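One letter stands for each residue in the lines below.
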Amino acid sequence: RKRSTDMVRGTARDSTRNKNENENVEVAPDVLTIASPVENPRKRARGENLLPTCTCTGCSGCQVLDAADNSSTLPSGSASKYCANMPQKYTNKGRKGKIQEGYRKLCKPCLRRMERARNAQTAGAPPMTTANKVKKKKATGPTTTDIRARRERIVLFGDSLTERAFEDGGFGSKVQDTFRRFADVHCRGYSGYNTNHALCMLNEVFPKDDRHPPVLVTVLFGSNDACDLRSHAGKVQHVDVAKYENNLQQIVEHLRSLTPSPNILFITPPPVHDANWLDDCKKRAANDPELRKLLSDSTPNRTNAGVMKYVKAMQNVAKKHDVACVDLHPYLAPSGFVDETQLIDGLHLSEAGQRQSASLIIEAIAKHFPDFYREATSVAKADFPDWKTLNADTFETQIINHARAKPL
């Protein structure tokens, strides 16, 4: 009877103790209480007081054992450095009241670091809505990254003659107007630059990793390369003819290394009216102290005879490397005599010269790149369809499918 009474009392005590333990269990949500770290990390490395360890190989929020602590006592295959914190402990209560305890793979600092990394990665992403989910499930055909929701690009690359290509009647304006439904024209003209300077910019203006390189590039350099070496500006601008040819060749090779490679059109430097250019330089030097040290020459720092050497050099490179080239001289200086009405200051194009050059350049594009010209001037090949072809009931599908029909 006494043994039975003790068993009953023992059972009651156990039941009361289990009940109290269950009542004291804290069921943590996502943020859980971290267990205390090991008192001595070196003991863990030696296998003493071995407890669960964080699988992180070290982070700014963790204590990390150095190589001296990680001696040969570390398990084989272990990292030379690892997190010395205890993994985050969790306590969960099941549906039937069963208590589950254990450790996560990482400690709390490591988990917070991963959470910050995830937040940074998803920063700026649009919130997921029901509409987004439906569109994602029902989307067919090319993805948004495969659809050309953009126009092609044409790049005008050169010196001040290109920089001023959007003046009244300029060839930049003419090119944009001709291909207005197919491409955007980007002006990359830099006043005073020569081909040495151009080589320094190639990777910036035409990066080799560009997934969408331009479809057409015009190259107009030479007027500054032809600056007389003996002039005040010669040290900055002059490039000898042989170097000029080599520079043009490098420009061609770089452009043709792009994928897909663009059409290339050389434009020769225009003629120079020696006397008018000298007068203009003197006027600018008198009014601008900064230009005075560069333009205060008694003779013109550029001459038409000097520029002609660079025209011939450009034509040689064009012929050697099969590059299309438009020569402005027969039209701006017929019979070798420079028409001063075509030049505003003896070097740069006037409005009349701009219009003349623009017509020649468009004609050259049509002649040398007939397939491109035909496609670029066709409304059917534009980024979006002509309004006259739109159906009042199905125009949305027509517009979207027209863009999808042109993969990037």
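Here the structure is a predicted model, which is why all the values come from computation and not from measurement.

A. A look at the overall build of the protein chain. Summing up its helical and strand segments, the protein chain has 16 helices and 7 strands in all. By the burial criterion, 37% of the 408 residues in the protein chain qualify as buried. Of all intrachain contacts in the protein chain linking residues separated by at least 6 positions in sequence, the fraction that spans at least 24 positions is 71%. Within the structure as shown, the protein chain displays about 24,400 Å² of accessible surface, and the carbon and sulfur contribution to it stands at 50%.

B. Geometry of the nonpolar core. Residues Phe157, Phe206, Val219, Leu248, Leu255 and Phe266 are the most contacted members of the largest nonpolar core, which totals 34 residues. Secondary structure elements with two or more residues in this core: β3 (152-158), α7 (195-205), β5 (216-220), α9 (241-256), β6 (263-267), α10 (274-287) and α12 (304-320). In terms of residue count, the dominant contributor to this core is α12 (7 residues). Listed in part, the 30 residues of the second largest apolar core include Val185, Leu220, Leu265 and Leu328.

C. Examining the packing of aromatic side chains more closely. Counted under the stated rule, the structure contains 7 aromatic pairs. Pairing Phe157 with Phe221 gives two aromatic rings, centres 5.1 Å apart and planes at 80°, and the pair type is edge-to-face. Of the two residues, Phe157 is situated in strand β3 and Phe221 in the loop between β5 and α8 (234-237); the sequence distance between them amounts to 64 residues. You can call Phe157 buried: its relative accessible area is 0%. In this structure an aromatic cluster arises from ring pairing among Phe179, Phe182, Phe372 and Tyr373.

D. The packing of α7 against α9, seen in detail. One can describe the packing of α7 onto α9 by two numbers: an axis separation of 9 Å at closest approach and a directional angle of 20°. Relative to α9, the element α7 lies roughly parallel. Classified by chirality, the crossing of α9 by α7 is left-handed. Here α7 contributes Thr195, Asn196, Ala198, Leu199, Leu202 and Asn203 to the contact with α9, which in turn contributes Lys243, Tyr244, Asn247, Leu248, Gln250, Ile251 and His254. Class assignment for the residues of the contact of α7 with α9 results in 6 nonpolar, 6 polar and 1 charged.

E. Broad picture of unusual backbone geometry. The omega angle of the peptide bond from Thr259 to Pro260 is -10°, so this bond is cis rather than trans. Within the secondary structure, Pro260 is located in the loop between α9 and β6. You will see that Asp322, though not glycine, has its phi angle at about 55°, which is positive. Inspection of the secondary structure puts Asp322 in the loop between α12 and β7 (324-326).

F. The arrangement of the side chain of Asp297 in detail. Tracing the sequence through the fold places Asp297 in the loop between α11 (289-295) and α12. It turns out Asp297 is buried and unbridged, and the closest side chain with the opposite charge, Arg302, is 7.5 Å from it. Polar side-chain contacts of Asp297 include one of 2.5 Å to the side chain of His232. Apart from the residues within four sequence positions on either side, Asp297 is in contact with Ser231, His232, Leu278 and Lys282.

Parameters at a glance
- Residues numbered from 1 in each chain as written.
- Predicted model: local features only at pLDDT ≥ 70, side-chain atom pairs only at ≥ 80, totals over all residues.
- Heavy atoms only, no water.
- Helix = DSSP H or I, 4+ residues; strand = E, 2+ residues; numbered from the N terminus.
- Buried < 20%, exposed > 50% of the residue type's maximum accessible area, 1.4 Å probe, protein only.
- Contact = heavy atoms within 4.5 Å.
- Areas by Shrake-Rupley, 256 points an atom, 1.4 Å probe, with all protein chains shown as cover.
- Core = buried A, V, L, I, M, F, W, Y, C linked by side-chain atoms within 4.5 Å.
- Phe/Tyr/Trp six-rings, centres within 6.5 Å; stacked < 30°, edge-to-face > 60°.
- Axes fitted to C-alpha atoms, helices over the stretch in contact; angles between N-to-C directions.
- Parallel < 35°, antiparallel > 145°, perpendicular 65-115°, else oblique.
- Left-handed = near helix turned anticlockwise from the far one by under 90°.
- Nonpolar A, V, L, I, M, F, W, Y, C, P; charged D, E, K, R; others polar.
- Lys, Arg positive; Asp, Glu negative; His and termini not counted.
- Salt bridge = Lys/Arg side-chain N within 4 Å of Asp/Glu carboxyl O.
- Polar contact = N/O pair within 3.5 Å; in protein donor to acceptor, adjacent residues only side chain to side chain.

Honestly, it's all geometry; don't read function into it.
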